[in-house]
Amino acid sequence: MNFLTLTNISKTFGNTVAVKDFNIVVEKGEFVSFLGPSGCGKTTTLRMIAGFELPTTGQIVLDGEDITFTPPNRRNVGMVFQSYALFPNLTVAQNIGFGLRVRKMPVQEIDQRVKEMLSLIHLQQFGHRYPYQLSGGQQQRVALARALAIRPRVLLLDEPLSALDAKIRVELRSEIRRIQQQLGITTIYVTHDQEEALSLSDRVVVMKDGLIEQIGTPFEIYNFPQTPFVASFVGTLNVLRAKVLDADKGLLSLEGQTFYSSEPLKQVRNGDVVSVAVRPEIITLVGGGAELNQLNCRVETVTFLGSIVRIQVRIAETMLFFDTFNNPHLVLPQVGAPVTIYFPREACLILELTRE
């Protein structure tokens, strides 16, 4: 069911284009993340949904209602900010019930709703405390509960975890997803953290310079990037400069060694140079199967990173790395040792073409 629709949305500030030709249809109950670097337009788009910014062009429709120019207080949209924005002179319970009091709900209903929200965020014993008496993670839960207490049609979250340390961030994002699924509320989440977007979302919108680069499921965004920017921004990559030997067969040459892409190379001529991306987690030292590409290398560095070990290798002037899971019986290659690396043909993502 089409629940939230943004059609041809653009926003300019003077001569600066912040968002251009933004189009998306969000289904009811869907969790969608806007992902991209600072200045890409993701927060501006979120603020237009909330009503804090008005589009220069385009239309926003929520649950069949055109809200493009509707004031924020009449949209019934919940917003959670990066800075928590809690009232320091109000208790946790009073903060959660603030929006309900503004709407002049009966006191008994407000008290019942606040109890429900405190239970939802697992802070039943903290209703009497003030924000300064809570940790950062607890304050953000209260901000989330306050946004949910009004039973909004859409929940908007603007980088809500960026001010928290890594461990609490992981815990709280799981809580956000649990609550979102439990309530079945349509959610738009803004972040520059790819791990957050991939782990939380039903779909991810990758943005750059005010434009949508790609919309897809986390699996699609990571494994099948449609633009060089998406491929480089989401995850880590080895980017290899390879020469096309046979475009029809997908045969490529790297430093005199040959390997294949999974499909024929389109819009490419023999002799062209292409950038080929290979994810490090798909490279292995274990061979097997004629369909695997293999390249002879020399080990440059071996770096222990806890749960994984990162191995960097050199092929003539080309450097690349790959990761292997750590275990107590892992046998690692020695620095300077010759090794052969293997990776499947479908792991090769052609990013761009250079004609010489």
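Coordinates for the structure precede this section.
Conventions used here
Within any chain, residue numbers begin from 1 and follow the written order of that chain's sequence. Only residues with pLDDT of at least 70 get local features here, since the model is predicted, and only at 80 or more are side-chain atom pairs given and counted; chain-wide, interface and lining totals rely on the full set of residues. Heavy atoms from the whole structure form the basis of all side-chain values; hydrogens and water molecules are not counted. Helix numbering and strand numbering both begin at the N terminus, where a helix is a DSSP run of H or I of at least 4 residues and a strand a DSSP run of E of at least 2. Note on classification: 1.4 Å probe, protein chains only; a residue is buried when its accessible area is under 20% of the maximum for its type, exposed when over 50%, partly exposed between these limits. Residue contacts follow a heavy-atom distance rule, with two residues in contact if any of their heavy atoms lie within 4.5 Å. Note on areas: these come from Shrake-Rupley sampling with a 1.4 Å probe, and a residue is covered only by the protein chains present in the view. We treat Lys and Arg as the positive residues and Asp and Glu as the negative residues; His and chain ends play no part in the count. Taken as the charge location is NZ of Lys, CZ of Arg, CG of Asp or CD of Glu. Each patch is built from residues lacking any salt bridge and having more than 30% relative accessible area; the joining distance is 9 Å for like charges and 5 Å for nonpolar side chains (Val, Leu, Ile, Met, Phe, Trp, Tyr). In what follows, salt bridge is the name for a side-chain nitrogen of Lys or Arg lying within 4 Å of a carboxyl oxygen of Asp or Glu. Helix axes use the C-alpha atoms of the stretch in contact, all axes being lines fitted to C-alpha atoms, and the angles between their N-to-C directions lie in the range 0 to 180 degrees. Working definition: roughly parallel below 35 degrees, roughly antiparallel above 145 degrees, roughly perpendicular at 65 to 115 degrees, and oblique for all remaining angles. By convention, the crossing between two helices is left-handed when the near helix turns anticlockwise from the far helix through less than a right angle, and right-handed when the turn is clockwise. All residues other than Ala, Val, Leu, Ile, Met, Phe, Trp, Tyr, Cys, Pro, Asp, Glu, Lys and Arg, Gly among them, are scored as polar; the first ten of these are nonpolar and the last four charged. The length a helix should cover is 1.5 Å for every residue beyond the first.

As a further point, take the overall build of the protein. When you go through the protein residue by residue, the secondary structure sums to nine helices and 19 strands. For the protein, the spread of C-alpha atoms along the three principal axes comes to 75 × 50 × 35 Å. The buried share among the 356 residues of the protein stands at 49%. A sequence separation of at least 24 residues applies to 66% of the contacts in the protein between residues at least 6 apart. Carbon and sulfur atoms make up 50% of the accessible area of the protein, which amounts to about 17500 Å² in all. Of note, the protein has its 35 positive side-chain charges centred 6 Å away from the centre of its 35 negative side-chain charges.

This part takes up unusual backbone geometry. The backbone of Ala85 shows a phi angle near 60°, a positive value even though the residue is not glycine. Among the structural elements, Ala85 can be located in the loop between β6 (77-80) and α2 (92-96). Judged by its relative accessible area of 34%, Ala85 falls in the partly exposed class.

Taken together, the side chains of Phe87, Phe98 and Val102 define a hydrophobic patch exposed on the protein surface, amounting to about 240 Å² of accessible area. Within the secondary structure, Val102 sits in helix α3 (residues 98-102).

What follows deals with the packing of helix α4 (residues 107-120) against helix α5 (residues 136-149). Contact geometry for α4 and α5: axes closest at 10 Å, N-to-C directions at 140°. Between α4 and α5, the interaxial angle falls into the category oblique. The interaxial crossing formed by α4 with α5 has right-handed handedness. Side by side, α4 and α5 meet where Arg113, Met117 and Leu120 of the first sit next to Ala145, Leu148 and Ala149 of the second. Taken together, the residues that form the contact of α4 with α5 break down as five nonpolar, no polar and one charged.

Turning our eyes to something else, we now look at helix α1 (residues 42-50). In terms of burial, α1 is largely enclosed, as seven of its nine residues are buried. All of the buried residues in α1 are Lys42, Thr44, Thr45, Leu46, Met48, Ile49 and Ala50. One or two positions beyond α1, positive phi appears at Gly51, with a value near 100°.

The next point concerns helix α6 (residues 166-183). The terminal C-alpha atoms of α6 lie 26 Å apart, and with 18 residues this matches the ideal 26 Å at 1.5 Å per residue to within 8%. For α6, the set of buried residues is Leu172, Arg173, Glu175, Ile176, Arg177, Ile179 and Gln180. Close packing links the buried residues of α6 with β3 (31-35), α4, α5, β7 (154-158), β8 (186-191) and α7 (194-200). Following α6 by one or two positions, Gly184 has its phi on the positive side, about 65°.

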